[in-house]
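Residue-level listing of the chains:
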Amino acid sequence: MLGTRFTKTLLGAAVVGALSLGLTACGSSGSKDSAGGGSASSSAAKDGKDGKRGIETAFGRVEVPAEAKRVVALGDTALDTALSLGFTPVGTSSSRGGTTAPAYLKAEGIPLVATVKEPNIEAILKANPDLILTSSSVEKSQYEQLAAVAPTVVPKSGDWRSVLGVYGDALGHKDDLTAKLDALDKRAAKAGEGRSGSAVVMRWMPSGPIVMNTTNMPGELLKKAGAATLPIADDLGAQPHSDPLSLENLGKADADRVFVATLNAEGEKALETARSQPAFTRLKAVGAGQVAGVDGQVWSSSSGPIAAEKVVEDIEKAFGAK
């Protein structure tokens, strides 16, 4: 999610600052109590020498603190995971489509040290982190700049659960994270008991609706609830979503239940315009009153455990679960 532009000035600041401040040294304690009620988890008990642990990442094995004190979490999912596990990061990035951290995380007090496209190395240095979590899409040049400041964990590209697992492991709370996700799977399954039909998740863009891949977090939780899927969402491979659909092709997303997300005012305006179009009103979910408007930051931007819980709450509401 981070961009590609770094100035030579920031590069010099990162390298010189990191060397002078010694920010690559790791901390040993200080997270909040785990939201899952556990201790620092079993992974923390497997510390290597100097109280560090090795984590496998997209850029090889990285030694991280046994218990990080000062975490910078770049990206919605990294921030979501850290907050869920009881950490208050010392820095984060703005959300996709926004100029602040995702509103659903209520993270107003956490300093912004990056935009969606690029980190601010000077701001990250001032945050004095002992661990940096970032998204799988970070480029090697950016990784090298961040790694000069503190141990930086970039998960390998993969399914959303494996990405969360890397974050949980790096924070020393992988077992707590697993317990949270297992509990959400059970809630989703209970929400779908005795119910049938298909479901699809769309994000409405100014250029038209896109259908989200069923392998994304909301799609997987809908499947846990027993919802059938549609070919347009199943056949996307590694793509997170389809190309924009014209209203004439909207029938490809004609599911029994439709969850519609927007990320900004432009998307909201486009959706309101579409609601009056015959192609939209012909959807069977519209006729049955089964179109649910949902938070785009939660349903199409993040896949952290807090977002997952909110998705399950929306599923419970849509399915009439008690």
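Quick caveat, the model's predicted, so the values are computed rather than measured.

Although it is not a glycine, Lys106 adopts a positive phi angle of roughly 50°. Relative to the helices and strands, Lys106 resides in the loop between strand E4 (91–93) and strand E5 (112–114). Classification of Lys106 by relative accessible area gives exposed; the value is 63%. A positive phi is found at Asn128, a non-glycine position, where the angle reads about 55°. Topologically, Asn128 is positioned in the loop between helix H4 (121–127) and strand E6 (131–133).

Here we come to the sheet that holds E4. Pairing is parallel across the open sheet formed by 5 strands, whose spatial order is E5-E4-E3-E6-E7. With partners counted over all chains shown, the strands left at the sheet margins are E5 and strand E7 (152–153), one partner each. Inspection of the sheet shows strand E3 (residues 71–73) paired to E6 by 3 bridges, in the parallel sense. Following the sheet pairing, Ala73 is matched in E6 by Leu133.

Quick look at empty space enclosed by the protein now. Any empty space left between atoms is shown by rolling a water-sized probe over those atoms. Overall, the coordinates contain 1 cavity of 30 Å³ or more when judged by the stated rule. Each pocket or cavity is described by its volume, and for the largest cavity that value is around 80 Å³. Surrounding the largest cavity, 13 residues form its lining, Ala199, Val200, Thr214, Gly219 and Leu222 being those nearest its centre. Split by residue class, the lining of the largest cavity holds 8 nonpolar, 4 polar and 1 charged.

All right, on to the layout of surface pockets then. In this structure, the largest pocket occupies an estimated 950 Å³ of space. Around the largest pocket sit 38 residues that line it, and Gly158, Asn216, Pro240, Ser301 and Ser303 are the ones nearest its centre. Elements supplying a minimum of two residues to the lining of the largest pocket: helix H3 (76–84), helix H6 (160–170), helix H8 (217–224) and helix H13 (296–300). Split into classes, the residues belonging to the lining of the largest pocket amount to 14 nonpolar, 20 polar and 4 charged.

On to the pairing of strand E10 (residues 257–262). For E10, the tally of buried residues reaches 6 of 6 residues, placing the bulk of the element in the interior. Burial of the side chains of E10 extends over both faces: Arg257, Phe259 and Ala261 are buried on one face and Val258, Val260 and Thr262 on the other. Relative to E10, strand E8 (residues 199–205) runs parallel, the two being bridged by 5 bridges. Across the sheet, Arg203 pairs through a bridge with Ala261, a residue of E10. Of the strand pairs in this sheet, E10 and strand E11 (residues 291–295) are connected by 5 bridges, and their pairing is parallel.

Attention now goes to the pattern of salt bridges. Once the charged atoms of two side chains with opposite charge are near each other, the side chains can pair. Evaluation of the coordinates by the stated rule reveals 9 salt bridges. For Lys284, the salt bridge identified is with Asp256, shortest N-O distance 3.9 Å. In this pair, Lys284 sits in helix H12 (residues 284–287) while Asp256 sits in the loop between helix H9 (231–234) and E10, placing the two residues 28 residues apart along the sequence. Of the residues examined, Lys284 reaches a relative accessible area of 41% and is grouped as partly exposed. Residue classification places Asp256 among the partly exposed positions, given a relative accessible area of 31%. Here the salt bridges do not stand alone but share partners, grouping Glu56, Arg61 and Glu63 into one network.

About the criteria used
- Residues numbered from 1 in each chain as written.
- Predicted model: local features only at pLDDT ≥ 70, side-chain atom pairs only at ≥ 80, totals over all residues.
- Heavy atoms only, no water.
- Helix = DSSP H or I, 4+ residues; strand = E, 2+ residues; numbered from the N terminus.
- Buried < 20%, exposed > 50% of the residue type's maximum accessible area, 1.4 Å probe, protein only.
- Pairing = 2+ DSSP bridges.
- 1 Å grid on protein atoms, 1.4 Å probe; cavity = no way out; pocket = protein on both sides within 12 Å on 5 of 7 lines; lining within 4 Å.
- Points joined across faces, edges and corners; volume = space filled by probe spheres on them.
- Nonpolar A, V, L, I, M, F, W, Y, C, P; charged D, E, K, R; others polar.
- Salt bridge = Lys/Arg side-chain N within 4 Å of Asp/Glu carboxyl O.

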